[in-house]
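Understanding the architecture of this molecule
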Amino acid sequence: MADTKVYRASTTAPVNIAVVKYWGKRDTKLNLPTNSSLSVTLAQSDLRTLTTASCSSSYPSEQGDTLLLNGEPSDVSGARIQACFRALRARRAALEATDSSLPKLSAMPLRLVSENNFPTAAGLASSAAGFAALVRAIANLYELTDNPSQLSLIARQGSGSACRSLFGGYVAWRMGQAADGSDSLAEQVAPASHWPEMRALILVVSAAKKDVGSTSGMQQTVATSSLFQQRVREVVPANMAKMEKAIQDKDFGAFAEVTMRDSNSFHSTCSDSYPPIYYMNDVSRAAVRAVEAVNEAAGKTVAAYTFDAGPNAVIYYLEKDAEAVVGTFAAVVGGASGWKEGATSLKSGIAL
Ligand code: 2P0
């Protein structure tokens, strides 16, 4: 009898926010970066993608693979998502080849249903959570035995930052050296439990779609910024080493300084691009000054800002300093004057 069963698996993946930033590709086809990066996975936040993957020989083959993203049909013909499907199917086909009792899922059309519970493409790492959830959902559906680092090789091809969302805690994406990308993968530097006091706060400045997408933005920077060369050769390797040590030592002062300097360095290469790219706005810069004021008032560094390819601020702090840090930002959101009007919402106390 023909197998018309619907096979199904669901998973969720969280966003991650880099403290040493990925910006630049050395190979656009394989999505290989010009530098390593390091991020913090916000596993306890509600910033997540929930994805269900299913397959069945009863799905009409003329429709091919389909994706429903936030309730809307979404194109899956792009090279990146196709690379993920191809790699995952190949892994499943290898299992089927060694065990003939396994159903031939690799030959069936795939249906993916994915929901973000946060604005898509607004600089809140939606592609990171999205591709991590997609890869893990299909890997679960196919009952692959690959470990998260092996899956990160596949997620990387969907979106670079996605490879880091397959792990919790503190995660490094090693740029690797191989031309085929086989060593450009993510690994955990430390689990969340290593430094349980760490918290993040997100100041949503704008939920609008970003002006310049990450892929085209980084290509523009690689092609035109001279500052970028120094960032890749000197700044990032030094920051990676300092950041890993700060995490091992649970040294918040060092963690914070590298985080803020690396964000500044990344945004400097953006504004050094030609034409320049500006992701931060006046509200973002006011958030920088607010962090500086909090640190000055505390007499030591208790808060660290970082900004991705958008104006929203992520502030890292330790739980014991929640009152000073969150209090400052809570007081300005929804305020009646100045930069305060620009910040639309605040999520605080996000644990790893
Ligand atoms: C990061 N960003 O490390 C950096 C910091 C934005 C600024 O990774 O082209 O969406 O899909 O590989 O991963 C955003 O870039 O780019 C990003 P693609 P991605 O988190």
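Described below are features of the structure shown in this document. Just so we're clear, the structure is a prediction, and the values are computed from it rather than from any experiment.

For any two helices packed against each other, the geometry is given by the interaxial angle and the distance between the axes. The interhelical angle for the contact between helix H2 (residues 126-141) and helix H3 (residues 148-158), taken along N-to-C directions, is 135 degrees, at an axis separation of 9 Å. The orientation of H2 with respect to H3, classified from their angle, is oblique. Where H2 crosses over H3, the handedness of that crossing is right-handed. Each of Phe131, Ala132, Leu134, Val135, Arg136 and Ala139 in H2 lies in contact with H3, whose residues at this interface are Leu151, Ile154, Ala155 and Gly158. Of the residues in the contact of H2 with H3, the class split is eight nonpolar, one polar and one charged.

Strands sit in the order E1-E6-E9-E7-E8 across an open sheet of five strands; the sheet is mixed. The open sheet has two edge strands, strand E1 (7-14) and strand E8 (72-74), and neither has a second partner. Strand-to-strand twist across the sheet, computed as the mean angle between neighbouring axes with direction ignored, equals 20 degrees. Bridging between strand E7 (residues 66-69) and E8 involves three bridges; their strand directions are antiparallel. If you follow Leu68 over to E8, its bridge partner there is Pro73. Set on the sheet, H2 makes contact with E1, strand E6 (48-55) and strand E9 (110-116); between it and E1 the angle comes to about 150 degrees.

So, on to the site of the ligand. Surrounding the ligand, one finds 14 residues, the nearest of these being Ala18, Tyr22, Ser159, Gly160 and Ser161. In terms of residue class, the shell around the ligand is made up of four nonpolar, eight polar and two charged. The residue makeup of the shell around the ligand includes at least three contributed by each of domain 1 (7-191) and domain 2 (198-351).

Each value, and the rule that gives it
- Residues numbered from 1 in each chain as written.
- Predicted model: local features only at pLDDT ≥ 70, side-chain atom pairs only at ≥ 80, totals over all residues.
- Axes fitted to C-alpha atoms, helices over the stretch in contact; angles between N-to-C directions.
- Helix = DSSP H or I, 4+ residues; strand = E, 2+ residues; numbered from the N terminus.
- Parallel < 35°, antiparallel > 145°, perpendicular 65-115°, else oblique.
- Left-handed = near helix turned anticlockwise from the far one by under 90°.
- Contact = placed C-beta atoms within 7 Å.
- Nonpolar A, V, L, I, M, F, W, Y, C, P; charged D, E, K, R; others polar.
- Pairing = 2+ DSSP bridges.
- Near = placed C-beta within 6 Å.
- Domains from an automatic or database assignment.

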